[in-house]
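Each chain is listed here by its residues.
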Amino acid sequence: MKDSLFRTEYGRCPENYEDKINKFFVVDYSSKDPSKIKVDFSNEVTETTAILKAGFSKNDL
């Protein structure tokens, strides 16, 4: 599919990953290599407006 990103690999889970479940964080995708995804676990997104603008629904909150 053109313009679709797929992830077939994964890295290590961060320490205390259980505390990060059901939370939102800043994610950077590489436009050149779709397998390069960086999640900034130090940058949690808590503002509802920003989460909804990112494409999530109220049900995801």
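Residues numbered from 1 in each chain as written. Predicted model: local features only at pLDDT ≥ 70, side-chain atom pairs only at ≥ 80, totals over all residues. Heavy atoms only, no water.

A. Here's a closer look at the overall build of the chain. For the chain, the count of helices and strands is one helix and two strands. Ordered by position in the sequence, the α and β elements of the chain form the string β-β-α. Long-range pairs, those at least 24 residues apart, make up 26% of the contacts in the chain with a sequence separation of at least 6. Of the roughly 5800 Å² that the chain leaves accessible, carbon and sulfur atoms contribute 48%. (Helix = DSSP H or I, 4+ residues; strand = E, 2+ residues; numbered from the N terminus. Contact = heavy atoms within 4.5 Å. Areas by Shrake-Rupley, 256 points an atom, 1.4 Å probe, with all protein chains shown as cover.)

B. A look at unusual backbone geometry. With a phi angle near 55°, Asn16 is a residue other than glycine that sits in the positive phi range. Position of Asn16 among the secondary structure elements: in the segment before strand E1 (24-29). The phi dihedral of Asn22 falls on the positive side, at around 65°, and the residue is not glycine. Note on placement: Asn22 falls in the segment before E1. What makes Asn22 exposed here is its relative accessible area of 76%. (Buried < 20%, exposed > 50% of the residue type's maximum accessible area, 1.4 Å probe, protein only.)

C. Representation of the packing of aromatic side chains in the model. For the coordinates displayed, the defined rule picks out two aromatic pairs. Ring centres of Phe25 and Phe41 lie 5.3 Å apart, and the angle between their planes is 65°; on these two criteria the pair is classed as edge-to-face. Remark: Phe41 occurs in strand E2 (residues 37-45) and Phe25 occurs in strand E1; sequence separation between them is 16 residues. Looking at Phe41, the relative accessible area reads 35%, which means it is partly exposed. (Phe/Tyr/Trp six-rings, centres within 6.5 Å; stacked < 30°, edge-to-face > 60°.)

D. Main features of the environment of Asp40. Of note, Asp40 is situated in strand E2. The exposure class of Asp40 is partly exposed, given its relative accessible area of 31%. C-alpha separation for the pair Asp40 and Val26, spaced 14 residues apart in sequence, amounts to 5.5 Å. If we skip the residues at most four places from it in the chain, Asp40 touches Phe25 and Val26.

E. Fine view of the confidence of the model for the chain. Per-residue confidence for the chain gives a mean pLDDT of 83, with 82% of residues at or over 70. The secondary-structure element of the chain with the lowest mean pLDDT is E2, recorded at 89, while helix H1 (residues 48-53) shows the highest, at 95. (pLDDT = per-residue confidence, 0-100.)

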